[in-house]
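Chain by chain, the residues run as shown.
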Amino acid sequence: MQFIDLKAQYCALKTEIDHNIQTVLDTGVFIGGPYVKELESKLAAFVGRKHCITCANGTDALQIAYMVAGIGAGDAVFCPDMTFISSTEPAKMFGATPVFCDITQDTYCLCTESLERQIQAVLAEGKLTPKAVVAVDILGNPCDYDAITAICEQYGLLLIEDAAQSFGADYHGKKCCAFGQIATTSFFPAKPLGCYGDGGAIFTDDDELADVMRSICVHGKGPGGKYDNIRVGVNSRLDAIQAAILLTKLKALAEHEITARQVVAKRYSQAFEGKLKTPFVAENCVSIWAQYALLAADTAQRDRIVAHLVAMNIPNMIYYPTPQHALPVFQNEPHYAETFPNANDYCARTFSLPMHPYLSEAEQQRVINAVLEVL
Ligand SMILES: Cc1ncc(COP(=O)(O)O)c(C=O)c1O
């Protein structure tokens, strides 16, 4: 059994993926070209954005978003305490201060009460300029964008949606990647929409931001092309082969994988309801279930379940064992008004089970039985 079965997905989509890869090989256009263009326009249409700029990975996508926002020394960037480091790392890289906010007890996404407390604390101290919020749709579950957008508008903050885990999810009838001035995603193989290597994308409705981000992706190219460098940029692009693969996978996601993921998640939730803390998806939202994470009663019980799964050869993961504020790299960052009770509690109790759209009912039952045996 695989935690995320990419081979099963490849078997299901093999004919078209092989054909697309062969076409790239035949044409010899490996960078840019028609597949990249077609993918950008289909991704933008899928999430309902004006612009999509593909790039080398989800980390670059976030770094480019920070760069176009001009985030630097003296700025505060508000981020959830429970995320992968790519969301928060660029703050430190560009000399700004990541200000961690607690997560909610139900969705595990950014807690808006904590966000407001942290903004107020930064303002009261008077040393940093509140600049941006990075909202992360953790585990594939969308943040509360109505509330977060209102806070960003109230305090004049740029909103960046980190949708690395949530491509295909919905919030109030809109797709993830549609929120904030800029949204970013990742096509890392294990993501809900993954390629066969690294890949990422940036979304915006703003023409000017889109132009600057396209320029940053190609060493700050100007109107005269890639040797007319008008700003500091990076080299970040999605390969044509990856774009060709993603076109097939995007179709599969839309046509049946989103639904198949809901079926798998529902089976788990029905099996564990009342026995472990099962995931919560807010009303009028659809999670894409990048992970199916449960909370045990405490760390000891979590560790017993994990040990039993390992003994039974059932893959499992902990996303994530350590909240951002407790990572060694961030040990000197100020905590302002927060003690992060929810993020600490989540990290101490969480574990994730095999989750992908090709998981058979029989395989899933084996996972469920193994967890229930411990309980
Ligand atoms: C929340 C989040 N943001 C950003 C990234 C970075 O994506 P990539 O691995 O493509 O750089 C990840 C990847 O795991 C992620 O989970």
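Residues numbered from 1 in each chain as written. Predicted model: local features only at pLDDT ≥ 70, side-chain atom pairs only at ≥ 80, totals over all residues.

**A few points about the site of the ligand**
Surrounding the ligand, one finds 16 residues, the nearest of these being Gly58, Thr59, Ser86, Ala164 and Ser186. The element contributing the most residues to the shell around the ligand is helix 3 (residues 58–68), with three residues. A per-class count over the shell around the ligand returns five nonpolar, nine polar and two charged. (Near = placed C-beta within 6 Å. Helix = DSSP H or I, 4+ residues; strand = E, 2+ residues; numbered from the N terminus. Nonpolar A, V, L, I, M, F, W, Y, C, P; charged D, E, K, R; others polar.)

**Observations regarding the environment of Cys101**
As for its position among the elements, Cys101 is in strand 3 (residues 97–101). Residue Cys101 is classed as buried on the basis of its C-beta count, with 29 C-beta atoms lying within 10 Å. Sequence-wise, Cys101 and Leu276 are 175 residues apart; in three dimensions their C-alpha atoms are separated by 25 Å. Beyond its immediate chain neighbours, meaning those up to four positions away, Cys101 contacts Phe78, Cys79, Pro80, Asp81, Leu110, Cys111, Ser114, Leu115, Gln118 and Glu338. (Buried ≥ 20, exposed ≤ 12 C-beta atoms within 10 Å, placed from the backbone. Contact = placed C-beta atoms within 7 Å.)

**Description of the nonpolar core**
Counting residues in each nonpolar core, the largest one holds 108 residues, and the members touching the most others are Ile64, Ala65, Val77, Leu110, Val133 and Ile202. A per-element tally of this core places helix 8 (residues 240–272) first, with eight residues. Not counting the four nearest positions on each side in its chain, Val133 is found in contact with Phe78, Leu115, Ile148, Cys152, Leu157 and Leu159. (Core = buried A, V, L, I, M, F, W, Y, C linked by C-beta atoms within 7 Å.)

**Side note on the sheet that holds strand 7 (residues 174–175)**
If you walk across this open sheet you meet the three strands as 7-6-12, and the pairing is antiparallel. In the strand order of this sheet, the two ends are held by strand 7 and strand 12 (285–286), each with one partner. As paired strands, strand 6 (residues 170–171) and strand 7 are joined by two bridges and run antiparallel to one another. The residue bridging Tyr171 from the neighbouring strand is Lys174, located in strand 7. (Pairing = 2+ DSSP bridges.)

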